[in-house]
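Residue-level listing of the chains:
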Amino acid sequence: MPASLELEKHGGGGGGRVPPPRGGDGGGARGDDAPDFRERLNRYRLGMAIGLIGVIMVFVSLTSAFIVRQGTTTRDPNTGIETVDWLPITLPTSALVLNTLLLMASSVALEMARRSLKRQYAVAEAVGDSEAQAPAPWLAISVLLGAGFLAGQLFVWSELRRRGVYLPTNPSSSFFYLLTALHGVHLLGGMIALGYAQATAWFHRSIAQRLLVVDVTGIYWHFMALLWLYIFGLFQFVK
């Protein structure tokens with residue numbers, strides 16, 4: 001038998017063995033999905049960053065309106081005298097501090113979940129998803145702490161109403177309700193994303209898919225925590 005045919009029969013000579021295809025969603029062999037996963041992760045992170053720019057613009061605009069409204073005077077139709085009708089409201093600071101701690105703890109727990117999944121993904125790349133150790137329940141803890149923050153915000157609203165401070169009571173109270181409501185709605189969106197991330201674990205999705213969801217959601221959640229610190233500081237120090 002000629003030497004060239006002998007090499008082809010045994011897959012040698014560079015033309016007989018085709019390298020395995022690269023790419024995938026994490027459900028196949030670990031070596032196949034790594035490049036595609038990183039590409040998707042970078043793409044989703046970029047999309048999240050662009051989305052957050054829109055959120056930043058909304059809150060910067062409201063902050064500008066907040067500061068301008070503080071110095072605005074209104075004319076009394078009966079006397080013609082212009083007065084400043086901005087009256088600082090007394091906030092239930094203890095409840096707000098507790099809520100802040102809950103949200104910060106939730107953010108830390110989500111970061112722990114992301115790091116735990118990242119380590120699990122590294123192990124799974126070597127030995128497969130089925131052999132990787134299950135991560136600690138940081139994600140569920142983060143969801144519970146986030147729900148505690150939202151419940152705490154509802155308590156703050158009820159406390160303000162008990163004190164007779166409603167949305168139209170004063171311009172400062174209107175801004176407080178508006179900013180905290182907008183933040184709460186955005187945070188609720190993050191809660192839905194965290195719930196989806198938790199569901200991917202219950203439905204035994206691949207570790208790569210879970211890490212993708214938790215990583216991108218973590219960016220959003222950390223941003224929401226920083227945004228709350230900004231809003232809280234605004235009402236505490238710029239009255």
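Structure: see above.
The model shown is predicted, which means the values in this text are computed figures rather than measured ones. (Residues numbered from 1 in each chain as written. Predicted model: local features only at pLDDT ≥ 70, side-chain atom pairs only at ≥ 80, totals over all residues. Heavy atoms only, no water.)

Caption draft 1: The overall build of the chain, seen in detail. Helix and strand content of the chain: 6 helices and 2 strands. Long-range pairs, those at least 24 residues apart, make up 76% of the contacts in the chain between residues at least 6 apart in sequence. Surface summary for the chain: the accessible area is close to 13,400 Å², and the carbon and sulfur share equals 67%. (Helix = DSSP H or I, 4+ residues; strand = E, 2+ residues; numbered from the N terminus. Contact = heavy atoms within 4.5 Å. Areas by Shrake-Rupley, 256 points an atom, 1.4 Å probe, with all protein chains shown as cover.)

Caption draft 2: Here's a closer look at the packing of aromatic side chains. Scanning all chains against the criterion turns up 10 aromatic pairs. Both rings, one in F37 and one in Y121, keep their centres 4.7 Å apart while their planes meet at 35°; by these two values the pair is tilted. With a gap of 84 residues between them, F37 in helix α2 (residues 30-70) and Y121 in helix α3 (residues 93-127) connect regions that are remote in the sequence. Each member of the pair, F37 as well as Y121, is classed as buried. (Phe/Tyr/Trp six-rings, centres within 6.5 Å; stacked < 30°, edge-to-face > 60°. Buried < 20%, exposed > 50% of the residue type's maximum accessible area, 1.4 Å probe, protein only.)

Caption draft 3: Highlighting the pattern of salt bridges. By the definition in use, this model includes 8 salt bridges. One salt bridge connects D215 with R45, and the closest N-O pair in it is separated by 2.8 Å. One end of the pair, D215, is in helix α6 (residues 207-237); the other, R45, is in helix α2, and 170 residues separate them in sequence. We classify D215 as buried; its relative accessible area is 4%. A salt bridge links E159 to R163; the shortest N-O distance between them is 3.4 Å. Shared partners join several salt bridges into a network, and the residues in it are R45, E111, R114, R115 and D215. (Salt bridge = Lys/Arg side-chain N within 4 Å of Asp/Glu carboxyl O.)

Caption draft 4: Structural view of the nonpolar core. Within the largest apolar cluster, 52 residues are counted, with the highest numbers of intra-cluster contacts made by F176 and F235. Among the secondary structure elements, those contributing two or more residues to this core are α2, α3, α4 (138-162), α5 (171-202) and α6. The greatest single-element share of this core, amounting to 18 residues, is contributed by α6. Leaving out residues up to four positions away in the same chain, F235 has contacts with F66, L91, S172, F175, F176 and L179. (Core = buried A, V, L, I, M, F, W, Y, C linked by side-chain atoms within 4.5 Å.)

Caption draft 5: Structural view of α3. The first and last C-alpha atoms of α3 sit 51 Å apart over 35 residues, in line with the 51 Å expected at 1.5 Å per residue. Phi for G128, located one or two positions after α3, is positive at around 100°. (Expected span 1.5 Å × (residues − 1).)

Caption draft 6: Just the side chain of T200, in detail. Residue placement: T200 occurs in helix α5. Judged by relative accessible area, which is 3%, T200 ranks as buried. In this structure the side chain of T200 is engaged in a polar contact, spanning 2.4 Å, whose partner is the backbone oxygen of A197. When near neighbours in sequence (up to four residues on either side) are disregarded, T200 contacts R205 and R210. (Polar contact = N/O pair within 3.5 Å; in protein donor to acceptor, adjacent residues only side chain to side chain.)

Caption draft 7: Molecular detail of the packing of α3 against α6. With their axes 9 Å apart at the nearest point, α3 and α6 run at an angle of 160° to one another. Judged by the inter-axis angle, α3 sits roughly antiparallel to α6. By crossing handedness, the relation of α3 to α6 is classed as left-handed. (Axes fitted to C-alpha atoms, helices over the stretch in contact; angles between N-to-C directions. Parallel < 35°, antiparallel > 145°, perpendicular 65-115°, else oblique. Left-handed = near helix turned anticlockwise from the far one by under 90°.)

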